[in-house]
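Below, each chain spelled out in residue letters.
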Amino acid sequence: MASFLGFAEPEPTPQQVIAGLRATAEGGEDLVQLLSPEGERVTDSRFEPWVADVDVDRLRALYRDMVLVRRADREANALQRQGQLSIWVPLLGQEAAQIGAGRALMPQDMAFPSYREHGVAWCRGIDPTELLGIFRGTDHGSWDPHATRFHLYTIVIGNQCLNATGYAMGQRFDGRVGDGEGETGEATICFFGDGATSQGDVHEGFVWSAVYDAPVVFFCQNNQWAISEPLERQTRVPLYQRARGYGFLGVRVDGNDVLATLAVTRWALQECRTGNGPVLIEAFTYRMDAHTTSDDPSRYRLAEELELWKLKDPIERVRVNLVRTHGESQEFFDEVAAESDTLAARLRAHCLAMPKPKPERIFSEVYAQSSPLLDAQRDEYLAYHSSFEE
Amino acid sequence: MGASTITMAKALNNGLRAAMERDPKVLVMGEDVGKLGGVFRITDGLAKDFGEQRVLDTPLAESGIIGTAVGLAIRGYRPVCEIQFDGFVFPGYDQIVSQLAKLHYRSQGRVLMPVVVRIPFGGGIGAVEHHSESPEALFAHVPGLKVVACGNPVDAYWMIQQAIECDDPVIFFEPKRRYWEKAELDESDRTVVLPLFRARVLRSGSHATLAGYGPVIRTCLDAAAAASSSHGQSPIELEVIDLRTLSPLDLAPVYDSVRRTGRLVVVSEAPSEVSVAAEVAAKVQQHCFYSLEAPVLRVTGFDTPYPPSGCEQDYIPDLDRILEAVDRSLAW
Ligand SMILES: Cc1ncc(C[n+]2csc(CCOP(=O)(O)OP(=O)(O)O)c2C)c(N)n1
């Protein structure tokens, strides 16, 4: 059908298409970068000191982290395609943002993820197998948020920003923040996407954390898309600039640069630890795969955009740097590749062996203090259920 | 025109399109409703044909979606808001309860609120948390809102248009796991159209009555078919009523049925405490007290958060649970 009332969208001109591609592929002059897409070190006197300790061994470790989480991600994606998971949320392309941020955390820090932070989970010591339950439908998160200092995934967009702020307020109320607390003070980090920045909860988190000087780093992975909606559906200004209006600092970092992300996040956490929080970090990156395995990006974005971003791959630039600057041998890369295959095989075997949850699970842990009403409901159902098994 | 076989998703899409063609004040707004056509493709093609000013890919904020729809309605528009999944309506709940539901009352009728909030609801699609909930009671409990649920493609096609034509706010629940179910729809055949706020008897029977809405309607019909053809024993004939409207409830057909059958099983996927099913049970015992041969029974989800999807086949009322309740009712 032709346009009703003449509102049909005109096709964009080639110039508009190219301008649009540029806008989403380039972070602008404020972008903090320490490793270029070509694998060359970029000087940045402000943030370099924060990764002065990153020697070749530590760089190797960051590389290994990224390769392993990508491999686990691809395996989980394949498991979904093979019907072993009902859905998977890929992190492809966001490895540097997540490993950089995750490795910046100290053990005493607390992290609040959204639902895509498989790389941060890895850094918190959560084995990729532990993520599977959510996506296979056996649990809502299998790890202990207290023990791992990694909260459960939050799917309702933005909710966790207020929760993280409250947690950080508690860190401050407990006297864990302040001048004397350099290395031992605590901070909180909260992950969310570019789309989430429109939610009231995120704005309220900004307001609360500012008013209570909460030691929280808001870590926004701007992967350019909220499902089918590009960034301009959410904002007129670059996201990191929003912090200013709330009275704290905002930094845009190259989210495909693991060194820069590590440096900026270490700095931001330290600001928080010493009482100068909150801080907003916008990690400028790209969602290289679909939003989830249920999504079809060909309906709303150009393949060319992905091609542009492939040139900025977060893992490749570290590999090139290791080879060119440190003369890294092929043996190392082969070892990491082999290790990643072992991880993938273990993930797969674990997934296939996961038992179906028992109906008891429906009723368990609804309340801290059991409810007689619910207990009766459970008993009645389980009796009914077992009548089929006989 | 003639009939064609159509899914519920496509029926809703056609219904939206028809409403938009009829009235230029009808807007569609929500997350990913434009180019993508919504995650369930209910708004597929509408942005292309009606343009960005009538199909709004909004920023990601449900309070914003509902709150601006309220403003647009004050200005004379008829917004149709899409909430992507049931569990994501809550950031918008404040605007729904505080403004959408009350403006007509507060303005003494001067301000109309012809807003439709479409919510895909219920489980059964193996989804992660917050994607499978049945929050209808939280809306049916709010005075000022009207709440309906469609149960088949033909009703979906007509009900969405009627909801858009309604001058009151309508919370429109769509049973997401039935989006792909098909039926014959003849868009020119108005003989099948019921007023929006009416329940519909789908199958007649004399032994007991099943009343439900939304996703369990298909299950109730299957249960009735199974009971009617039951192996060797004397068949049980179940009357099946699709409530369709949860607020206001239209229980006249249920009373009429229960006065004949003497037995009622209310089926719903939502938790049972303080639910729509509870309201139906209370009203039926009040109005049909002397006709009842057994207490009104409920087959519902449990009073727990929606479980991990690996347990959902136990959570969602199925044919066996419905027939077991029917047996209990008959044996009373
Ligand atoms: C409150 C709420 N509304 C809608 C959704 C559905 N939804 C899931 S992810 C998503 C887009 C999120 O985009 P963004 O914040 O940029 O994060 P990304 O997924 O790109 O990492 C939407 C709309 C949701 N999960 N929660």
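Cut-off values and rules
Residues numbered from 1 in each chain as written. Chains lettered and ligands numbered in written order. Predicted model: local features only at pLDDT ≥ 70, side-chain atom pairs only at ≥ 80, totals over all residues. Heavy atoms only, no water. Helix = DSSP H or I, 4+ residues; strand = E, 2+ residues; numbered from the N terminus. Rg over C-alpha atoms; globule rule 2.2 N^0.38 Å. Buried < 20%, exposed > 50% of the residue type's maximum accessible area, 1.4 Å probe, protein only. Contact = heavy atoms within 4.5 Å. Areas by Shrake-Rupley, 256 points an atom, 1.4 Å probe, with all protein chains shown as cover. Lys, Arg positive; Asp, Glu negative; His and termini not counted. Charge placed at Lys NZ, Arg CZ, Asp CG, Glu CD. Domains from an automatic or database assignment. Buried area = accessible area lost by both parts, 1.4 Å probe. Salt bridge = Lys/Arg side-chain N within 4 Å of Asp/Glu carboxyl O. Polar contact = N/O pair within 3.5 Å; in protein donor to acceptor, adjacent residues only side chain to side chain. Nonpolar A, V, L, I, M, F, W, Y, C, P; charged D, E, K, R; others polar. Expected span 1.5 Å × (residues − 1). Pairing = 2+ DSSP bridges. Axes fitted to C-alpha atoms, helices over the stretch in contact; angles between N-to-C directions. Near = heavy atom within 4 Å.

Asker: Before we go on, may I ask you to explain the overall build of chain A in this structure?
Answerer: Across its full length, chain A holds 15 helices and seven strands. Taking 21 Å as the expected radius of gyration for a compact globule of 390 residues, we find that chain A reaches 22 Å, a close match to that expectation. Each of the three principal axes of chain A carries a C-alpha extent, and together these read 70 × 65 × 60 Å. The buried share of chain A, reckoned over its 390 residues, is 54%. Across chain A, the fraction of contacts at a sequence separation of at least 24, relative to all contacts at a separation of at least 6, is 76%. Summed over all atoms, the accessible surface of chain A reaches about 16,900 Å², with 52% contributed by carbon and sulfur. Measuring between centres, the 38 positive side-chain charges of chain A sit 2 Å from its 58 negative side-chain charges.

Asker: Help me out: how do you make sense of the overall build of chain B in this one?
Answerer: Each helix and strand in chain B was counted, giving 12 helices and 14 strands. For chain B, the C-alpha radius of gyration of 20 Å lies close to 20 Å, the compact-globule estimate for 332 residues. Overall, the C-alpha framework of chain B stretches about 60 × 45 × 40 Å when taken along its three principal axes. In chain B, which comprises 332 residues, the share counted as buried stands at 60%.

Asker: In this structure, what is going on with the side chain of B:Thr58? I would like to understand it.
Answerer: If you trace the backbone, B:Thr58 turns up in the loop between strand S3 (55-57) and helix H3 (62-74). Among the residues examined, B:Thr58 registers a relative accessible area of 8% and is labelled buried. Setting aside anything within four residues of it in sequence, one finds B:Thr58 in contact with A:Glu229, B:Met29, B:Gly30, B:Glu31 and B:Ile65.

Asker: What is the right way to read the domain arrangement of chain B from this model?
Answerer: Residues and elements named next belong to chain B. Taken domain by domain, chain B comprises domain 1 (4-192) and domain 2 (200-330). Using only C-alpha atoms to locate each centre, domain 1 and domain 2 end up separated by 26 Å. With 27 residues of domain 1 at the contact, the number on the domain 2 side is 24 residues. Here domain 1 meets domain 2 over a buried area of about 1,900 Å², counting both sides, of which 51% is carbon and sulfur. Our count for the contact surface shared by domain 1 and domain 2 stands at three salt bridges. At the surface where domain 1 touches domain 2, the tally comes to 14 residue pairs in polar contact (both at pLDDT 80 or more). Listing elements by their share of the side of domain 1 that touches domain 2, those giving two or more residues are helix H6 (136-140), strand S6 (146-149) and helix H7 (153-165). Looking at which element gives the most residues to the side of domain 1 that touches domain 2, the answer is S6, with four residues. Residue composition of the side of domain 1 that touches domain 2, grouped by class: 13 nonpolar, seven polar and seven charged.

Asker: Can you walk me through H7(B) in this structure?
Answerer: Because an α-helix packs 3.6 residues into every turn, residues spaced three or four apart end up facing the same way. All names here are of chain B. End to end, H7 covers 19 Å across 13 residues, agreeing with the expected 18 Å (1.5 Å per residue, within 8%). Taken residue by residue, H7 has Pro-153, Val-154, Asp-155, Ala-156, Tyr-157, Trp-158, Met-159, Ile-160, Gln-161, Gln-162, Ala-163 and Ile-164 as its buried positions. The N-cap of H7, judged by a side-chain oxygen 3.0 Å from the amide nitrogen of Val-154 a few residues on, is Asn-152.

Asker: I would appreciate a short explanation of the sheet that holds strand S4 (residues 78-82) of chain B in the present structure.
Answerer: Strand pairing in a sheet is mediated by backbone hydrogen bonds. Such pairs are either parallel or antiparallel. Residues and elements named next belong to chain B. Here we have seven strands laid out as an open sheet, ordered S3-S2-S4-S5-S7-S6-S12, and mixed in their pairing. Each end of this open sheet is capped by a strand with a single partner; those strands are S3 and strand S12 (245-247). Direction aside, neighbouring strands of the sheet carry axes that sit 20 degrees apart on average. When S4 meets strand S5 (residues 116-121), the two strands line up parallel, connected through three bridges. Its bridge partner lying in S5, Val-80 is registered against Val-116. Its contacts with the sheet place H7 against strand S2 (26-30), S4, S5, S6 and strand S7 (170-175), and it is angled at close to 165 degrees to S7.

Asker: Can you help me understand the interface of chain B and chain A in this one?
Answerer: In many analyses, interface size is given as the accessible surface area lost on bringing the parts together. Contacts between the two partners involve 53 residues from chain B and, on the opposite side, 49 residues from chain A. For the pair chain B and chain A, the summed buried area comes to about 4,200 Å², and 59% of that belongs to carbon and sulfur atoms. Broken down residue by residue, the surface that chain B buries against chain A is led by B:Leu60, B:Pro308 and B:Asp314, which jointly contribute 15%. At the surface where chain B touches chain A, the tally comes to one salt bridge. Between B:Asp44 and A:Arg299 there is a salt bridge, with its nearest N and O atoms 2.8 Å apart. At the surface where chain B touches chain A, the tally comes to 16 residue pairs in polar contact (both at pLDDT 80 or more). Those elements giving two or more residues to the side of chain B that touches chain A turn out to be helix H1 (8-22), helix H2 (46-50), helix H11 (312-315) and helix H12 (319-331) of chain B. It is H2(B) that provides the largest number of residues to the side of chain B that touches chain A, a total of four residues.

Asker: Any chance you could explain the side chain of B:Asp303 here in plain terms?
Answerer: Topologically, B:Asp303 is positioned in the loop between strand S14 (297-299) and H11. Lacking a salt bridge, the buried B:Asp303 has B:Arg298 as its closest oppositely charged neighbour, with an N-O distance of 6.8 Å. A distance of 2.7 Å separates a polar atom in the side chain of B:Asp303 from a polar atom in the side chain of A:Gln377. In terms of polar contacts, B:Asp303 uses its side chain to reach the backbone amide nitrogen of B:Glu273, at 3.0 Å.

Asker: Is there a simple way to think about the sheet that holds strand S1 (residues 110-112) of chain A in this case?
Answerer: Residues and elements named next belong to chain A. Taken together, five strands build an open sheet; the order of strands is S1-S2-S3-S7-S6 and the sheet is parallel. Strands at the two margins of the open sheet, each flanked by one partner only, are S1 and strand S6 (249-254). For this sheet the average axis-to-axis angle between neighbouring strands, irrespective of direction, equals 20 degrees. Bridge analysis of strand S3 (residues 216-222) against strand S7 (residues 279-284) gives six bridges, and the strand direction is parallel. Directly across from Asn-222, in S7, lies its bridge partner Phe-284. Against the sheet, helix H8 (residues 200-211) touches strand S2 (188-193), S3 and S7, its axis set at about 150 degrees to S3.

Asker: Honestly, the pairing of S5(B) in this entry has me stumped. Any pointers?
Answerer: Each regular strand carries side chains that alternate between the two faces of the sheet. Residues and elements named next belong to chain B. Counting buried positions over the six residues of S5 gives six, a clear majority of the element. Bridging between S5 and S7 involves six bridges; their strand directions are parallel. Each residue of the ladder has a partner; that of Ile-119, found in S7, is Phe-173.

Asker: Is there a simple way to explain unusual backbone geometry in this structure?
Answerer: Glycine aside, negative phi is the norm for most residues, and most peptide bonds take the trans geometry. Cis geometry is adopted by the peptide bond preceding A:Pro278, which originates at A:Gly277 and carries an omega value of -5 degrees. Looking at the element boundaries, A:Pro278 is found in the loop between helix H10 (258-273) and S7. Each neighbour pair has its own omega, and for B:Ser247 with B:Pro248 the value is -5 degrees, a cis peptide bond. Looking at the secondary structure, you find B:Pro248 in the loop between S12 and helix H9 (252-261). Although it is not a glycine, A:Asp213 sits at a positive phi angle of roughly 45 degrees. For B:Arg244, which is not a glycine, the phi torsion comes out positive at approximately 60 degrees.

Asker: Which parts of the structure should I look at to understand the site of the ligand?
Answerer: Around the ligand, a shell composed of 20 residues is seen, among which A:Tyr115, A:Arg116, A:Ile155, A:Gly195 and B:Glu62 lie nearest. Per-site note: the chains with residues close to the ligand are chains A and B. A distance of 3.0 Å separates a nitrogen atom of the ligand from a polar atom in the backbone of A:Ile157. Protein burial of the ligand: of its 580 Å² of free accessible surface, 96% is covered by the chains. Class assignment of the residues belonging to the shell around the ligand gives a composition of 10 nonpolar, six polar and four charged.

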